[in-house]
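Topology and contacts: notes
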Amino acid sequence: MKNHISFLCLISVALVSLQGCGGNNETATISSQPLSDTTKSPTAPSRQEQAAENDTVTASCTVEAALPEKPLQKQLDELQDEIARKLKEISPENPLCANIWMTAVEEDSVIVSLTINTNYWQQQFQELISDSPLIKFHGPSQPKKIDVTLSHDFSADSIFISPDQKSYPANAANASFTIRYEGGHILTFGEKYIVGYKETNGNWYKLPHPGVWNDIGYILTKGGSHHFDVSLYPALNHNKPGIYRLYKEVSFENSDSTFWIMTEFTLTGN
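Scope of this entry: the structure provided in the associated data block. (Residues numbered from 1 in each chain as written. Predicted model: local features only at pLDDT ≥ 70, side-chain atom pairs only at ≥ 80, totals over all residues. Heavy atoms only, no water.)

Once that is clear, we can look at the nonpolar core. Counting 30 residues, the largest nonpolar core has I159, L187, V195, V230, L246 and F265 as its most contacted members. Counting only elements with at least two residues in this core, the list comes to β6 (159-163), β8 (174-181), β9 (187-198), β11 (216-220), β12 (224-231), β13 (242-252) and β14 (258-268). Other than its neighbours up to four places away in sequence, V195 contacts Y205, K206, L207, V230, L232, Y244, R245, L246 and F265. Residues C97, V110, L114 and L236 belong to the second largest nonpolar core, which totals 24 residues. (Core = buried A, V, L, I, M, F, W, Y, C linked by side-chain atoms within 4.5 Å. Buried < 20%, exposed > 50% of the residue type's maximum accessible area, 1.4 Å probe, protein only. Helix = DSSP H or I, 4+ residues; strand = E, 2+ residues; numbered from the N terminus. Contact = heavy atoms within 4.5 Å.)

Hydrogen bonding along the main chain pairs the strands of a sheet, whether they run parallel or antiparallel. With antiparallel pairing, three strands are arranged side by side in an open sheet as β6-β8-β12. Because the sheet does not close on itself, it has two edges, and the strands there are β6 and β12. The sheet shows a mean angle of 20° between the axes of neighbouring strands, taken without regard to direction. Of the pairings in the sheet, the one linking β6 to β8 comprises five bridges and is antiparallel in character. In the strand pairing of β8, F160 is matched with R180. (Pairing = 2+ DSSP bridges. Axes fitted to C-alpha atoms, helices over the stretch in contact; angles between N-to-C directions.)

An α-helix turns once per 3.6 residues; consequently, residues spaced three or four apart project the same way. Here helix α2 (residues 73-89) spans 25 Å end to end across 17 residues, near enough to the 24 Å set by a 1.5 Å rise per residue. Buried within α2 we find L76, L79, Q80, I83 and L87. End-on view of α2: buried residues confined to an arc of 100°, all on one side of the axis. In α2, the exposed positions that point more than 90 degrees away from the buried face belong to K74, D81, K88 and E89. (Expected span 1.5 Å × (residues − 1). Arc of directions from axis to C-beta.)

Keep in mind that these numbers describe shape and distance, not what the molecule does.
Encoded structure:
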């Protein structure tokens, strides 16, 4: 038995959501090799190269330039429309499509939100989409370490979470999971989740994800279950075979506190 409650979210700025264009114990890391693209697909740098890129400081001369006049609203709206049009023209397999998840018109610029916001991806955007000085980039530039605290034994609360298959291909777009509940309270949760991968340093990091969720609440009573998919973004993340983790935040109805549950799953060779 599964029930859900929908909530309406209103955002006060002009936003355009861009979602796409036109069984072993190995350590799961992000490969430095990109997927092939039939048109023009960039070769994404390795995670180590991106980290080095962010730590590098290049000496240069500073030239004083006159500040541009404040752009007109029409200019910004036209720029946002141009970005949307250019995105439709590049191949859906191009990793840049997976990396751009939203644009927003602000007072003096168009914000482009990137799942991975490094110099490399900014340059790819400028080459393929637009190099307008009115564009500002938002998003994380470094992998984020997972810092959630897991419930010591959530099975004691009769909550069970598991993948629907023993393994998925490393190039799979999605993996599916099921939460089952056998407790006497009412279990509540939303759509948010975290996929984790283990780096060679032994730490677990968040698999890059736009982090945009539908504002929907789910409830489970005793004997209920909920099936859902998680997005793996293989064109952007170049996932390698290995063990991954899925983290899900849940709570009991009428409780002010939440807690995290977790299950592991495997990605195998393509």
